[in-house]
Amino acid sequence: MCVGCRICEAICSFHWEKTLNPKKARNRVRRVDPGLDIVVACRNCNQAWCIEACPEEALYKNRQGIIMVNSKKCRGCGACVEACPFGAIFIHPETQKAIKCVTCGFCTKYCPVNTLRILTEEELATLKQQKVIQAECRNLLDELRVEEESLEGEQ
Amino acid sequence: MTSKSPKLGGYAGKHLHVDMTKGECKPLPLERDFALKYLGGQGFVSRILYDRVGPTTDPLTPENVLIWATGAFTGTLWPQASRYVVAAKSPLTGIFGESHSAGHWGPELKFAGFDTIIVTGRAKSPSYLFIDNGVAKLLDAKDLWGRDTNQTEEIIKEAHGDPSLRVSCIGQAGENLVRFAAIINDYDRAAARSGLGAVMGSKNLKAVAVRGSQDIPIAKPDKYLEVIEELHRKMLDSPFTASRAKYGTTNLVELMQEIGRLPSYNMRSGVFSEYQKISGEAIRKHYLVKPRADYACLQRCGRYTLVKTGPYAYCGGSPEYESQSALGSRCGNDNLESILYGHHISNLYGLDTISTGATISWAMEAWEEGLITAEDTGGIDLGWGNHESVVKLIHMIAKRQGFGDILAEGSYRAAQKIGRGTEKFVMHCKKQEIAGQEPRAQKSMGLATATAARGADHLYAFPVLDEVGFDEEIGIRYGEQYLPEIGDRLNPKYKGIMVKENEDFCAIVESLGVCKYGTLIPPVLFYEDIVAAFDVTVGVALTEAYFRLAGERIVNLNRVFNVREGIRRKDDCLPRRLTHTPAPEGPSKGQVVELDQMLDEYYDQRGWRLTDGLPTLSTLHRVDLEDVIPDLLTHGIELPD
């Protein structure tokens, strides 16, 4: 389970840009609940809303099924960022073009808890991990919904 | 010549000066010579504080200077690169005050374009500082005033529509000028000691929110990953990484009990019969949700805990060892849920749990002795282990209500006010409460507590190798010739050598913006790793000798700051209980701290005069601090040759 250290962000920015800057990373760690961190990276959806949303046709799927950005066409309008339901595509702070994970797998080598792996759809299904992960997340979220007494109650 | 030198890697390259009175924010360049002489973090704040505040500065007035500083490695891929230092003249001790914290705020400050923030003055009305990618401004915080730290962080994130903002802020305790108020960042990471939350409150500064998208430049990118991979490998291979991941520091309760170093009943004793009920194993078994790492950390000692039902229900940050001992064994309290909850609300209010628990336990002992009664407390029962009273007092301290208003002054001032002989139960050094380290069970910790620049403190030197079983590492680090005595926790011999070396190294660690866990135990990473990482990150090849001298320089700078405030050997002391009353029970039964003997050795190692602890002129020349000598003379302080 992700512990939120963000090494994958830093290593991603270093891999692509030779500098340390999480805003240039192609992945992001999001804290979605007090006790839950999730690494967001493009999952190359079958129905890719980002591709449909792009007015410049700068996004496309390559032969391996990976969604790519043609930065010559991209104008940085951010329509793909709005369209992505996972928050997995970003605007580069300097080039102002879309950037996203292209499944290079470089970050997986540095994850200290081995949470990051590159799997094909088949592998994922075979391992039945999806179900397990979903169940884990559901349980965890249920557990976390505690009614916390606010400090005002003490006044 | 400076201008021709290439830009330093690692650093953001700018200070941010903020004048709260005028409402002005001004970026100024970080000078290369300053950066390389003081390195960052603790080094930066030590020099800036020395130059800008002094004996006439009242800590809670606009004249005090509050400084946040990161280091060259903060925000990089060094295996634990999350740390920042915050400092001011302390309202608790009246001397050099600093505190450290992790999380993600420090790295974000650098991504926002600044190495330091230097705050002076006082705003007319509550304000918060918003640093947005190199541009800083003060914004109205009237609606935030009166809010706890988590509400403050949430409201600021919502106001800017950005959940990835990072916030460092105070809760009600800092607003109410509680003398041990903490600064909290990332919901539950605390820069707790020295009462710096009160300094923030005195400036009407509620929060500092940061975000940015600027690079931390790496000077030698071609070699960088090779060095970093080696550091990561070392860290992951260390047996302590697995233990930290499993327990954080919570299982120190069990380990300290084993050697009689777990303070109980206001440090009357170093063992607690009910320790298993408040242990790391108990937390892991019943309350742990998950471990959480701070930025770029491989050890992930942070954790999240959940109490599902009852009066102490909450979900949030878990206490670590210091909070378990302060709110638990020290108060004779074996109710774990109350400790978890007490720690949580201390984070919400922004309180230092160490001073909070130590102050409450002082009151509990005075109660038992009949020196404090229900008349003083407003009817609150202060019997040992009364967890409801512990929690109630936390609320009252933060709000300065009733008896809490007296406790909010810290145990030293509270005892001065109440008198009646309660003074002898104050477990402090230089007015700051001693942390959860019973020094009769480990003599080096006693010396470290007495010499630490910010008053009683375990982290300024953090001597841990003589706790148990590190003889091999001790031999390599301090010299074979000092074995076996130096490795024996109960033997005072050679502890001056150990504490001196540790203080120097800790100063470097805190100046670079990295964590002490990976560097001090046993060390996993040491000077040679710093040399290698500094070269590829900053682009300047410095030697181990350079760093060792820089560490000594920072410690001496802290000392001369305190000397100017009147601190001498007489103040490097411990409560009489620890130096004269033998430990009553447990594995260290019969022990006292032989402080004088250790201090002699320590001053000798430091090059400070034995009689009064003043640094000698030749010492200051040797560490390249001769420029402070004329200033000390203007304060009537003549240093010995």
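For every chain, the first residue of its written sequence is number 1, and the numbers climb from 1 along that sequence. All chains are assigned letters beginning at A, and all ligands numbers beginning at 1, according to the order in which they are written. Totals for whole chains, interfaces and linings use every residue, but because this is a predicted model, local features are given only for residues with pLDDT of at least 70 and side-chain atom pairs only at 80 or more, for both listing and counting. The side-chain values count all of the structure's non-hydrogen atoms but skip hydrogen atoms and water molecules.

1. Focus on the packing of aromatic side chains
Under the convention used in this document: Pairing of aromatic rings covers Phe, Tyr and the six-membered ring of Trp, with a centre-to-centre limit of 6.5 Å; geometry is then stacked below 30 degrees between planes, edge-to-face above 60, and tilted otherwise. Secondary structure elements follow DSSP: runs of H or I no shorter than four residues count as helices, runs of E no shorter than two count as strands, and numbering proceeds from the N terminus. The criterion for a charge sitting over a ring is simple: Lys NZ or Arg CZ within 6 Å of the ring centre, and within 35 degrees of the ring normal.
For the coordinates displayed, the defined rule picks out 25 aromatic pairs over all chains. Aromatic side chains tryptophan 68 of chain B and tryptophan 105 of chain B sit 6.1 Å apart centroid to centroid with 45° between the ring planes, which places their arrangement in the tilted category. One end of the pair, tryptophan 68 of chain B, is in strand 3 (residues 66-70); the other, tryptophan 105 of chain B, is in helix 3 (residues 105-111), and 37 residues separate them in sequence. By way of ring pairs, the aromatic residues Phe73, Trp78, Phe534, Tyr546 and Phe547 of chain B are connected into one cluster. A cation over a ring is seen here: arginine 43 of chain A above phenylalanine 86 of chain A, with NZ or CZ 4.1 Å from the ring centre. Sitting over the face of the ring of tyrosine 304 of chain B, arginine 292 of chain B holds its NZ or CZ atom 4.5 Å from the ring centroid.

2. Quick notes on the side chain of glutamate 467 of chain B
Residues and elements named next belong to chain B. We apply this condition: For every residue, the accessible area (1.4 Å probe, protein chains only) is compared with the maximum for its type, and the residue is labelled buried under 20%, exposed over 50%, or partly exposed between those bounds. Whenever a nitrogen or oxygen atom comes within 3.5 Å of another N or O atom, the pair is scored as a polar contact, on the condition that within protein one atom can donate a hydrogen and the other can accept it, and that pairs from neighbouring residues in sequence are kept only if both atoms are in side chains. Two residues form a contact once any of their heavy atoms are found within 4.5 Å.
With respect to the helices and strands, glutamate 467 occurs in the loop between helix 18 (443-451) and helix 19 (471-478). Taking the relative accessible area as the measure of exposure, glutamate 467 reaches 15% and is therefore buried. Engagement of the side chain of glutamate 467 in a polar contact is seen with the side chain of arginine 261, the distance being 2.9 Å. Every residue in contact with glutamate 467, bar those within four places of it in the chain, is listed here: Met256, Ile259, Arg261, Gln442 and Arg489.

3. Notes on the nonpolar core
Burial of nonpolar side chains together is a common tendency in soluble globular proteins. Quick note on the threshold: Definition used in this section: a nonpolar core is a set of buried Ala, Val, Leu, Ile, Met, Phe, Trp, Tyr and Cys residues joined via side-chain atoms within 4.5 Å.
Membership of the largest hydrophobic core comes to 127 residues, with the highest contact counts inside it found for Tyr11, Trp78 and Phe534 of chain B. Setting aside residues no more than four positions away along its own chain, phenylalanine 534 of chain B makes contact with Tyr11, Leu36, Leu39, Ala72, Phe73, Leu512, Gly539, Val540, Leu542 and Phe547 of chain B.

4. Here's the deal with unusual backbone geometry
All names here are of chain B. Going from leucine 483 to proline 484, the amide bond is cis rather than trans, its omega being 5°. Within the secondary structure, proline 484 is located in the loop between helix 19 and helix 20 (495-512). With an omega of 25°, the peptide bond between proline 522 and proline 523 qualifies as cis. With respect to the helices and strands, the residue proline 523 is situated in the loop between helix 21 (516-520) and helix 22 (527-538). The phi torsion at leucine 39 lies on the positive side, around 70°, for a residue other than glycine. Within the fold, leucine 39 resides in the loop between helix 1 (32-38) and helix 2 (41-52). One non-glycine residue, aspartate 624, lies in positive phi territory at about 65°. Secondary-structure assignment places aspartate 624 in the loop between helix 26 (617-622) and helix 27 (629-634). The exposure class assigned to aspartate 624 is partly exposed, which follows from its relative accessible area of 31%.

5. Looking at the pattern of salt bridges
All names here are of chain B. Filter applied, for reference: Definition used for salt bridges: Asp or Glu carboxyl oxygen within 4 Å of a side-chain nitrogen of Lys or Arg.
For the structure shown, the criterion picks out 56 salt bridges over all chains. Close ionic contact of aspartate 572 with arginine 559 constitutes a salt bridge, the shortest N to O distance being 3.0 Å. In this pair, aspartate 572 sits in the loop between helix 23 (544-564) and helix 24 (576-580) while arginine 559 sits in helix 23, placing the two residues 13 residues apart along the sequence. For aspartate 572, a relative accessible area of 2% corresponds to the buried category. One network of salt bridges, in which partners are shared, links Lys500, Glu503, Asp504, Glu552, Arg606 and Arg622.

6. Focus on the sheet that holds strand 2 (residues 24-29) of chain B
Residue and element names in this part refer to chain B. The test is simple: Pairing between two strands is assigned when DSSP locates at least 2 bridges connecting them. For every element, the axis is a line fit to its C-alpha atoms; helices are fit only across the contacting stretch, and the angle between N-to-C directions ranges from 0 to 180 degrees.
Pairing is mixed across the open sheet formed by 6 strands, whose spatial order is 2-1-6-3-4-5. At either margin of the open sheet sits one strand with a lone partner, and together these are strand 2 and strand 5 (96-101). For this sheet, the mean inter-axis angle between neighbouring strands, taken without regard to orientation, is 15°. The pairing of strand 4 (residues 84-89) with strand 5 spans 6 bridges and is antiparallel. Following the sheet pairing, alanine 88 is matched in strand 5 by glycine 97.

7. Side note on empty space enclosed by the protein
Residues and elements named next belong to chain A. Heads up, the rule is: Cavity means a closed set of points on a 1 Å grid over the protein atoms alone, one where a 1.4 Å probe fits but cannot get out, pocket means an open set with protein on both sides within 12 Å along at least 5 of 7 lines, and lining means a residue has an atom within 4 Å of a point. Grid points are joined across faces, edges and corners, and a volume is the space filled by probe spheres set on the points. Each residue gets one label: Ala, Val, Leu, Ile, Met, Phe, Trp, Tyr, Cys and Pro are nonpolar, Asp, Glu, Lys and Arg are charged, and the others, such as Gly, are polar.
Using the criterion set out here, one finds 4 cavities of 30 Å³ or more in the structure. A volume near 120 Å³ is recorded for the largest cavity. Around the largest cavity, the lining is made up of 14 residues, and of these Cys42, Cys45, Cys50, Ile67 and Cys84 lie nearest the centre. Per-class residue counts for the lining of the largest cavity are 11 nonpolar, 1 polar and 2 charged.

8. Some thoughts on the confidence of the model for chain B
Keep this limit in mind: The predictor rates its confidence in each residue with pLDDT, a number between 0 and 100.
Scored by pLDDT, chain B has a mean of 96; 99% of the residues are at 70 or more. What the predictor reports for the complex is a pTM of 0.95 with an ipTM of 0.95.

9. Some remarks on the pairing of strand 5 of chain B
Taking burial as the measure, the 6 residues of strand 5 of chain B include 6 buried ones, the bulk of the element. Of the two faces of strand 5 of chain B, the one carrying Phe96, Glu98 and His100 of chain B and the one carrying Gly97, Ser99 and Ser101 of chain B are both buried.

10. Notes on the interface of chain B and chain A
Formally: Accessible area that two parts lose when put together, with a 1.4 Å probe and added across both, is what the buried area reports.
Listed per partner, the contact involves 49 residues of chain B and 40 residues of chain A. Around 3,700 Å² of area is buried between chain B and chain A when both sides are counted, 58% of it from carbon and sulfur atoms. The interface formed by chain B and chain A contains 5 salt bridges. The residue glutamate 108 of chain B makes a salt bridge to lysine 23 of chain A at a minimum N-O spacing of 3.5 Å. Summed over the shared surface of chain B and chain A, the number is 16 residue pairs in polar contact (both at pLDDT 80 or more). When residues of the side of chain B that touches chain A are traced back to their parent elements, those giving at least two are helix 3, helix 7 (221-237), strand 13 (288-292), strand 14 (302-307), strand 15 (314-317), helix 12 (336-349) and helix 15 (387-399) of chain B.

11. Side note on the environment of proline 85 of chain A
All names here are of chain A. Structurally, proline 85 can be placed in the loop between helix 3 (79-83) and strand 5 (89-91). Classification of proline 85 as exposed rests on a relative accessible area of 53%. For the pair proline 85 and cysteine 50, spaced 35 residues apart in sequence, the C-alpha to C-alpha distance is 9.0 Å.

12. As for the sheet that holds strand 7 (residues 127-132) of chain B
Residue and element names in this part refer to chain B. Taken together, the 6 strands give an open sheet; going across it, the order is 8-7-12-9-10-11, and neighbouring strands pair in mixed fashion. Both outer strands of the open sheet, strand 8 (135-140) and strand 11 (189-191), are each paired with one neighbouring strand and no more. Strand-to-strand twist in this sheet, taken as the mean axis angle between neighbours without regard to direction, amounts to 20°. Inspection of the sheet shows strand 7 paired to strand 8 by 6 bridges, in the antiparallel sense. Bridging across to strand 8, leucine 129 finds its partner in leucine 138.

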